[in-house]
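# Coordinates in review
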Amino acid sequence: MKFLLKDNISIIKKVKVERKKIVFTNGCFDLLHVGHIRYLAQAKKLGDFLIIGLNSDSSVKALKGKDRPINSFEDRAVLLSALTSVDLVIIFEELTPENLIKEIVPDVLVKGGDYNIEDIVGFQTVIQNGGLVKSLSFYDGYSTTNYINKINKP
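This structure is a prediction, so every number in the text was calculated from the model and none was measured. Here the residue numbers are simple positions, counted from 1 along each chain's written sequence. Where local features are concerned, this predicted model is filtered to residues with pLDDT of at least 70; where side-chain atom pairs are given and counted, the filter is 80 or more; whole-chain, interface and lining totals use all residues. Neither water nor hydrogens contribute to the side-chain values; these are computed over all heavy atoms in the structure.

Within the chain, the regular secondary structure consists of 7 helices and 6 strands. Numbered from the N terminus, helices here are DSSP runs of H or I no shorter than four residues, and strands are runs of E no shorter than two. Beginning at the N terminus, the succession of helices and strands in the chain can be written as β-α-β-α-β-α-α-β-α-β-α-β-α. Partly exposed residues are those whose accessible area sits between 20% and 50% of the maximum for their type, while under 20% is buried and over 50% is exposed, using a 1.4 Å probe and protein chains only. When each of the 154 residues of the chain is scored for burial, the buried share is 43%. The contact rule is simple, with two residues in contact once any of their heavy atoms fall within 4.5 Å. The contacts of the chain with a sequence gap of at least 6 include a subset with a gap of at least 24, amounting to 73%. In the form shown here, the chain has an accessible surface area of approximately 8400 Å², with 52% of it arising from carbon and sulfur atoms. Only the protein chains shown count as cover for residues, and the accessible areas themselves come from Shrake-Rupley with a 1.4 Å probe.

On to the environment of Ala77, then. With respect to the secondary-structure elements, Ala77 resides in helix α4 (residues 73-81). Along the chain, Ala77 and Ile90 lie 13 residues apart, while their C-alpha atoms are 8.2 Å from each other.

This next bit is on the environment of Phe73. With respect to the helices and strands, Phe73 occurs in helix α4. What makes Phe73 buried here is its relative accessible area of 5%.

For strand β3 (residues 49-55), the tally of buried residues reaches 7 of 7 residues, placing the bulk of the element in the interior. Between any two strands, at least two bridges found by DSSP are needed for them to pair. Relative to β3, strand β2 (residues 22-27) runs parallel, the two sharing 6 bridges. Paired with Thr25 across the strands is Ile52, a residue of β3. When the strands point away from the viewer and the path from the first strand over the helix to the second turns clockwise, the crossover is right-handed. Between the parallel pair β2 and β3, the chain is carried across by helix α2 (residues 34-44), and the sense of this crossover is right-handed.

Within the sequence span of α2, burial applies to Gly35, His36, Tyr39, Leu40 and Ala43. Relative to the axis of α2, the buried residues are bounded by an arc of 125° and lie together on one face. Directions are taken from the helix axis to each C-beta atom, and the arc is the one they span.

Here the focus is unusual backbone geometry. Residue Arg68 is joined to Pro69 through a cis peptide bond whose omega torsion reads 5°. With respect to the helices, strands and loops of the structure, Pro69 is situated in the loop between α3 (57-64) and α4. If you check the backbone angles, Arg19 has positive phi at about 60° while not being a glycine.

A few words on the pattern of salt bridges. Any carboxyl oxygen of Asp or Glu that lies within 4 Å of a side-chain nitrogen of Lys or Arg is treated as forming a salt bridge with it. Within this structure, the stated rule accounts for 6 salt bridges. With its nearest N and O atoms 2.4 Å apart, the salt bridge here joins Asp87 to Lys44. Here Asp87 is found in the loop between α4 and β4 (88-92), whereas its partner Lys44 is found in helix α2, with 43 residues between them in sequence. Asp57 serves as the salt-bridge partner of Arg76, at 2.8 Å between the closest nitrogen and oxygen. Taken as a pair, Arg76 in helix α4 and Asp57 in helix α3 lie far apart in primary sequence, 19 residues in all. A relative accessible area of 28% places Asp57 in the partly exposed class. One salt-bridge network, held together by shared partners, links Lys14, Glu18 and Lys20.

Within β2, 6 of the 6 residues are buried, leaving the element largely enclosed by the surrounding structure. The side-chain alternation of β2 yields two buried faces, one formed by Ile22, Phe24 and Asn26 and the other by Val23, Thr25 and Gly27. In terms of strand pairing, β2 meets strand β5 (residues 108-112) through 2 bridges, oriented parallel. Residue pairing for β5: Phe24 is matched across the bridge by Leu109.

Printed below as a string of structure tokens:
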């Protein structure tokens, strides 16, 4: 299985010793969809080892509301881990992955959508350590919220 609890990041140290370029992204990934798949494939092309910081169930609930997540952390992690573009999935409990990014210090930090680079959580940490921060393409029409609304439509 390619997912670990936050306190088991020894594999990342090994990847760094091997001088592989680490790409990091994060999110809830509550209902995996085509937009996610395309985004993660695009992120993987920026380096050698793609890590996803995955929001815990409690942080998804705090960010998205009482009816979320739809899928548990374990289910979301298994789905993401099955993707060939994903090398590692790590849980984080906080509302943002700031602490996880400080611990990993990836070479490349990415987010999807229309984020301003300076507004991406972890921007300062990555830039100060000589890394790259990018906002990747957002794929119109693909949104977990839109899918949930469509399913719930009478």
